[in-house]
Amino acid sequence: MPVEKREWTVGLLSAVIFALLAVCGCDSKSDAPDVITVAMEEISTFDIPQRNHMDLAKGVWGRSTGEPSEQVKRYPELRTDKPVYGKLPVYGDLENVVKTLYWVVEESAGPGKGYDTLYVDRNNDLDLTNDEPLSAQESPPQGAEVKEEYVERQTWFSPFTLEFEHGDNGSHSVEIMPRLRFGEDSARMYFVPTKARKGRFALVGKDFDVYLSCDAYDAIRGRLNDPLCSFFLVNDDDPRTPATWEWAEFLCAMRRIGGIWYQFSATVRGDKVTATKYKGDFGTFEIGAGKRAFKNLGINGPLFSCDHRAVLAGGEVDEAGAKDMARSCRLPTGDYVLAIAWIQYGPLSIQVSQNYHIDGRRRAKIHPKLAFDQWVYGITIRKDRPFVLDFSNEPEVLFAEPTSAQRFKTGEEVKVMAVLIDPVLDIMIRRLIDTRQKVPYEYARRDGSKVSGEEDRSLDPKVVVTRLDGTVVAEGIMPFG
Ligand SMILES: [Ca+2]
């Protein structure tokens, strides 16, 4: 072989290897590739092992509206004396409802004869008389029966299909099976997407089954690339998986696996899921004593970023969660709000969460996860300096009820609800416990038996309502959100 040709061949091989490296995105510092995409097969929700499906087989709660909705133009004539009315939002993207499926369930044979007919406004014209009614199934489909505490009986209705158009990305359909659940004197309707997607990842030497569904706690999501779609990672060898921290069950959660943070994304129809290694900057988040002489400090809880990522702060964070509290931890840089967390603050044990009240109006709560632009992302994690949460901001008492401008008639009963907040970080103190003091407790179980023991003393603040002359009108323990 002429020398020139051998050199050329070696050069070509090098180029090919270089190109392969570029495609794999291999990092010289780690064997783990930067980007891994897997195909997701469609499976029945009811075939997912109980441990793995989390709440997928329970479905999405179609919230009861109590009364007929004012938005609905026409309901069918009903024979029951106790119809159950409700609605189910369907999202087209992260924050926009594309349709609201109003529904009503009734007893077609008359009062007390059993709920057997469900009307759902599937064509979304606010008229429930022009949609084929759905009838109760005689027995639940294989695997559909969900064991839930306090549930006395359940009824499954025949499924219906929702179609979603995605422009250039084509379309897909979602089959939904309604489930009516009775317990504790109330009936609740759930809507179960009957199909989910399943795939398998090998990440940092571990195998994970992953599940993706358009079920999103309180809504159906029309696009499976929506950050709020349900998404779980299950490692069969680790019973701590799937993780259960707040937000861990959503596609938007970043997962720390083998010390590497991964972000997950899906295609609109959910046929592919990609894991991308986070290669951005990290900063330090820590709990500080401020001017207090506290030494035992730590946090365990998730944060949510303004660009819709959830991360977990805590000690020894891995794919299953945090094994412990941490005084400080390294997190991807960004602007965050604390979703919910327990903080050890010297002798105090404090639970904090995002503040979802604003002057008497319950605003975007963690659930439903809406209106992210209303949240205050006061925890700024930067590369060059640590962010220290040390409770040095002046706390405030916020009256969640009544509103500042609310007016009342003489003699009217007024509900007062106050919460303790840190207005700078927009978090509220939910629990405040002094671990140095023990107090006895006693409560009755549902069967009437008593349970008693000792527990740490709660430092719940008391709210006292007085007249201008100081006469006490009412007092009570702060509800703490
Ligand atoms: Ca209709």
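Residues numbered from 1 in each chain as written. Predicted model: local features only at pLDDT ≥ 70, side-chain atom pairs only at ≥ 80, totals over all residues.

Across its full length, the protein holds 2 helices and 37 strands. Summarising the internal contacts of the protein: among those between residues at least 6 apart in sequence, 57% fall at separations of at least 24. (Helix = DSSP H or I, 4+ residues; strand = E, 2+ residues; numbered from the N terminus. Contact = placed C-beta atoms within 7 Å.)

What you see with strand β21 (residues 310-313) is no split at all: A310 and L312 on one side and V311 and A313 on the other are buried throughout. Two elements, strand β20 (residues 297-305) and β21, share 4 bridges in a ladder whose sense is antiparallel. Of the residues in β21, the one forming a bridge with L303 is V311. If you look at the hairpin formed by β20 and β21, you'll find 4 residues sitting between the two strands, and H308 has a positive phi there, around 65°. (Buried ≥ 20, exposed ≤ 12 C-beta atoms within 10 Å, placed from the backbone. Pairing = 2+ DSSP bridges.)

So, on to the environment of L56. As for its placement among the helices and strands, L56 is situated in the loop between α2 (50-53) and β3 (60-62). Taking the C-alpha atoms as reference, L56 lies 9.0 Å from Y217; in sequence the two are 161 residues apart. Leaving out residues up to four positions away in the same chain, L56 has contacts with T45, I48, A196, S213, D215 and S230.

Strands pair in a sheet through their backbones, by hydrogen bonds, and they do so in one of two ways: parallel or antiparallel. One open sheet holds the 5 strands; their spatial order is β7-β6-β5-β4-β14, and the pairing between them is mixed. If you trace the sheet from one side to the other, it starts and ends with β7 (134-135) and β14 (220-221), each paired once. Here strand β4 (residues 84-91) runs beside β14; their pairing, made up of 2 bridges, is parallel. Within β14, the residue paired with V90 across the bridge is I220.

With that settled, the discussion passes to the confidence of the model for the protein. Mean pLDDT over the protein works out to 86, with 89% of the residues at or above the 70 mark. Mean pLDDT across the secondary structure elements of the protein bottoms out at helix α1 (residues 3-24), with 41, and peaks at strand β18 (residues 272-277), with 98. Counting contacts from residues 1-29, a segment whose pLDDT is below 50, to residues more than four positions away or on other chains yields 8 contacts. Taken together, the stretch residues 364-369 has pLDDT below 50 and engages in 14 contacts with residues farther than four places along the chain or on a different chain. (pLDDT = per-residue confidence, 0-100.)

Right, let's get into the sheet that holds strand β17 (residues 260-266). A sheet is described by the order of its strands in space; here 4 strands give the open sequence β1-β18-β17-β16, paired in antiparallel fashion. Only two strands of the sheet have a single neighbouring strand rather than two, namely β1 (35-39) and β16 (255-257). Going across the sheet, the axis of each strand differs from the next one's by a mean of 30°, ignoring polarity. Note that β17 and β18 share 5 bridges and pair antiparallel. Counted as the bridge partner of F264 is A275 from β18. (Axes fitted to C-alpha atoms, helices over the stretch in contact; angles between N-to-C directions.)

The subject of this paragraph is the environment of K438. You can see K438 is positioned in strand β34 (residues 427-444). Residue class for K438 comes out exposed when judged on the 12 C-beta atoms lying within 10 Å of it. Distance from K438 to E455, taken between C-alpha atoms, is 5.3 Å for residues 17 residues apart in sequence. Ignoring anything within four residues of it in the chain, the contact list for K438 reads E454, E455, D456 and R457.

Next up on the list: unusual backbone geometry. Peptide bonds are trans in most cases, and residues, glycine excluded, mostly fall at negative phi. Cis geometry is found at the peptide bond from T241 to P242, where omega equals 0°. Locating P242 in the fold gives a position in the loop between β15 (230-234) and β16. For N124, which is not glycine, the phi torsion reads 60° and is therefore positive. On the basis of neighbour count, N124 is assigned to the partly exposed category, with 15 C-beta atoms found within 10 Å. Of note in the backbone geometry, H308 takes a positive phi value of approximately 65° without being a glycine. For H308, a count of 16 C-beta atoms within 10 Å gives the class partly exposed.

Ranked by size, the top nonpolar core spans 105 residues in total, and within it W103, L212 and C229 carry the most contacts. Of the domains in this structure, domain 1 (60-195) and domain 2 (280-481) are the two that each give at least three residues to this core. Dropping the residues within four chain positions of it, W103 is found in contact with G62, G86, K87, L88, L118, Y119, V120 and M189. (Core = buried A, V, L, I, M, F, W, Y, C linked by C-beta atoms within 7 Å. Domains from an automatic or database assignment.)

Take the pairing of strand β23 (residues 321-324) next. Taken together, the 3 bridges between strand β22 (residues 315-318) and β23 define a ladder with antiparallel strand orientation. Note on β23: the bridge partner recorded for D318 is G321. Between β22 and the antiparallel strand that follows it, β23, lie 2 residues.

Before going further, it helps to spend a moment on the environment of K113. Tracing the sequence through the fold places K113 in the loop between β5 (97-106) and β6 (117-120). C-alpha of K113 to C-alpha of T80: the two residues are 33 residues apart in sequence and 8.4 Å apart in space.

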